[in-house]
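The lines below spell out each chain.
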Amino acid sequence: MKPAHHDPELRQLLRAWPGNASLPPRFRAGVWQRITTAERVAAPALSLPAWLANWFAQPACAPVCTAVLLFAGLGTGYYWAGHAAARWEAQLSSQYAASINPYAATPP
Amino acid sequence: MKRLVTILFLGLALGGLAGTGVYLARTTPERAMLCCPKPEQAWLQHEFQLTDAQFARVQKLETQYQAECQERCRRVNSTNDLVRRQFTSHAASTPELERLLACAAQLRADCQLRMLEYCYAVSREMPPDQGQRYLNWVCDQVLTMPRDGTMMHAK
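The structure presented is a predicted model; accordingly, all values stated were derived computationally and were not measured.

Would you mind going over the overall build of chain A with me for this structure?
Each helix and strand in chain A was counted, giving four helices and zero strands. Written out in order from the N terminus, the α and β elements of chain A read α-α-α-α. Here chain A holds 108 residues, and 17% of them are scored as buried. Working note: accessible area of chain A is about 8500 Å², and carbon and sulfur atoms make up 66% of it.

Here it is, written out as structure tokens:
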């Protein structure tokens with residue numbers, strides 16, 4: 001079968017078309033929106049690794065990930081430092097109490 | 001995939017470095033205290049905000065108190081030995097046991113009194129608000145008696 005654009009009759013008919021009809025407003029945007037909607041409906045659900053790979057391929061991902069990991073590191077460091085400081089201070093205060101109280105180990 | 005691994009690796013490295021930095025910065029005073037020859041004294045200076053001059057005077061008091069305390073402890077130990085020997089060598093209480101027990105109780109009271117006098121002396125070297133806070137702390141930590149003032153067997 002010959003392609004439609006090789007049909008001489010069709011070509012003649014197309015040439016005879018005045019071609020001055022104006023498009024409705026936002027015609028192009030509407031077409032793209034319909035294409036996007038159709039692709040979204042037709043696209044199969046992505047698996048987690050594929051979704052992750054897709055997400056990490058986006059340019060905004062690197063700074064977002066780095067910021068999240070940086071703040072997680074800062075938070076973890078702050079939390080553990082508080083714990084360690086409280087533990088050491090409790091230990092040192094007990095040591096001081098024991099150093100001045102000769103009955104520390106054997107309360108009356 | 002390579003991009004993912006790179007981002008994660010760099011993010012984790014940066015987070016780890018930042019966390020370590022915060023940890024080291026926030027625990028600097030405590031780590032410095034632990035490295036001192038007498039960490040408990042360093043804690044006292046840090047906790048009750050003593051200046052170097054005040055801390056030097058407190059250390060002098062502490063040296064004097066510890067020397068006297070050792071002597072009192074030696075006397076308490078020898079009295080306790082005598083009480084133990086007296087108790088186990090007789091079938092009933094003796095006037096000597098009674099005298100030794102009174103002596104041991106007197107030594108114990110004297111020991112506690114000297115300790116409290118030392119605490120008062122230390123508190124006087126501190127700024128007034130810190131001195132009061134120190135005495136409150138001593139009361140909770142060192143003065144080992146029931147908080148409501150009642151003995152256990154009286155309940």
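Still more ground to cover, so stick around.
Whenever I open this one, the overall build of chain B confuses me. Can you help?
In terms of helices and strands, chain B carries six helices and zero strands. When its helices and strands are written in sequence order, chain B yields α-α-α-α-α-α. A globule of 155 residues ought to have a C-alpha radius of gyration of about 15 Å, yet chain B, at 26 Å, is considerably larger. Once the C-alpha set of chain B is aligned to its principal axes, its extents read approximately 90 × 40 × 35 Å. By sequence separation, contacts in chain B at least 24 residues apart represent 51% of the contacts at least 6 residues apart. Just so you have it, chain B exposes about 10200 Å², and 61% of that area is on carbon and sulfur atoms. In chain B, which carries 19 positive and 16 negative side-chain charges, the distance between the mean positions of the two groups comes to 7 Å.

I would appreciate a short explanation of the confidence of the model for chain A in the present structure.
For residues with low pLDDT, the predicted coordinates do not support detailed interpretation. With 88% of its residues at a pLDDT of 70 or more, chain A has an overall mean of 82. Model confidence for chain A, summarised as mean pLDDT per element, is weakest for helix H3 (residues 48-56) of chain A at 78 and strongest for helix H4 (residues 61-100) of chain A at 92.

When you look at the packing of aromatic side chains in this model, what are you seeing that I'm missing?
For any pair of aromatic rings, the description rests on two quantities: the centre-to-centre distance and the angle between the ring planes. Following the criterion strictly, the structure yields eight aromatic pairs over all chains and no others. Taken together, a centroid distance of 4.3 Å and an interplanar angle of 15° make the contact between Tyr65 of chain B and Tyr118 of chain B stacked. Residue Tyr65 of chain B is located in helix H4 (residues 52-88), and its partner Tyr118 of chain B is located in helix H5 (residues 95-124); the two are separated by 53 residues in the primary sequence. Residue classification places Tyr65 of chain B among the buried residues on the basis of a relative accessible area of 3%. Taken together, the ring pairs connect Tyr96 of chain A together with Trp43, Phe48, Tyr134 and Trp137 of chain B into an aromatic cluster. Against the face of Tyr78 of chain A rests Arg26 of chain B, its NZ or CZ located 3.9 Å from the ring centre.

Honestly, the pattern of salt bridges in this entry has me stumped. Any pointers?
It is possible for side chains of opposite charge to pair when their charged atoms get near one another. Residue and element names in this part refer to chain B. The tally for this structure, following the rule as stated, stands at eight salt bridges over all chains. A salt bridge links Glu47 to Arg133, with the shortest nitrogen-to-oxygen separation between them at 3.2 Å. Residue Glu47 is found in helix H3 (residues 39-47), and its partner Arg133 is found in helix H6 (residues 128-141); the two are separated by 86 residues along the sequence. In this structure, the salt-bridge partner of Asp81 is Arg84, at a minimum N-O distance of 3.0 Å. Taken as a pair, Asp81 and Arg84 lie in helix H4 at a separation of three residues, close to a single helical turn. Here Arg84 falls in the exposed class, since its relative accessible area comes to 51%. Among the ionic contacts, a cluster of salt bridges with common partners joins Asp110, Arg114 and Glu117.

Would you explain H5 of chain B in this entry?
Count 3.6 residues to each turn of an α-helix, and residues three or four apart come out pointing the same way. Its 30 residues place the ends of H5 of chain B 43 Å apart at the C-alpha level, agreeing with the 44 Å of an ideal helix rising 1.5 Å per residue. Inspection of H5 of chain B places Leu97, Leu100, Ala104, Leu107, Asp110, Cys111, Met115, Tyr118, Cys119, Ala121, Val122 and Ser123 of chain B among the buried residues, and these make up the whole buried set. Residues of H5 of chain B that are buried in the fold lie against H4 of chain A together with H3, H4 and H6 of chain B.

I would appreciate a short explanation of the interface of chain B and chain A in the present structure.
You'll often see interface size given as the accessible area lost when the parts meet. Each partner contributes residues to the interface: chain B has 42 residues there, and chain A has 35 residues. Across the interface of chain B and chain A, roughly 3500 Å² is buried in total on both sides, 71% from carbon and sulfur atoms. Of all residues in chain B, the largest losses of buried area upon contact with chain A belong to Ile7, Arg26 and Arg108 of chain B, amounting jointly to 17% of the total for that side. Our enumeration of links across chain B and chain A arrives at zero salt bridges.

Rules used in this analysis
Residues numbered from 1 in each chain as written. Chains lettered and ligands numbered in written order. Predicted model: local features only at pLDDT ≥ 70, side-chain atom pairs only at ≥ 80, totals over all residues. Heavy atoms only, no water. Helix = DSSP H or I, 4+ residues; strand = E, 2+ residues; numbered from the N terminus. Buried < 20%, exposed > 50% of the residue type's maximum accessible area, 1.4 Å probe, protein only. Areas by Shrake-Rupley, 256 points an atom, 1.4 Å probe, with all protein chains shown as cover. Rg over C-alpha atoms; globule rule 2.2 N^0.38 Å. Contact = heavy atoms within 4.5 Å. Lys, Arg positive; Asp, Glu negative; His and termini not counted. Charge placed at Lys NZ, Arg CZ, Asp CG, Glu CD. pLDDT = per-residue confidence, 0-100. Phe/Tyr/Trp six-rings, centres within 6.5 Å; stacked < 30°, edge-to-face > 60°. Lys NZ or Arg CZ within 6 Å of the ring centre and 35° of its normal. Salt bridge = Lys/Arg side-chain N within 4 Å of Asp/Glu carboxyl O. Expected span 1.5 Å × (residues − 1). Buried area = accessible area lost by both parts, 1.4 Å probe.

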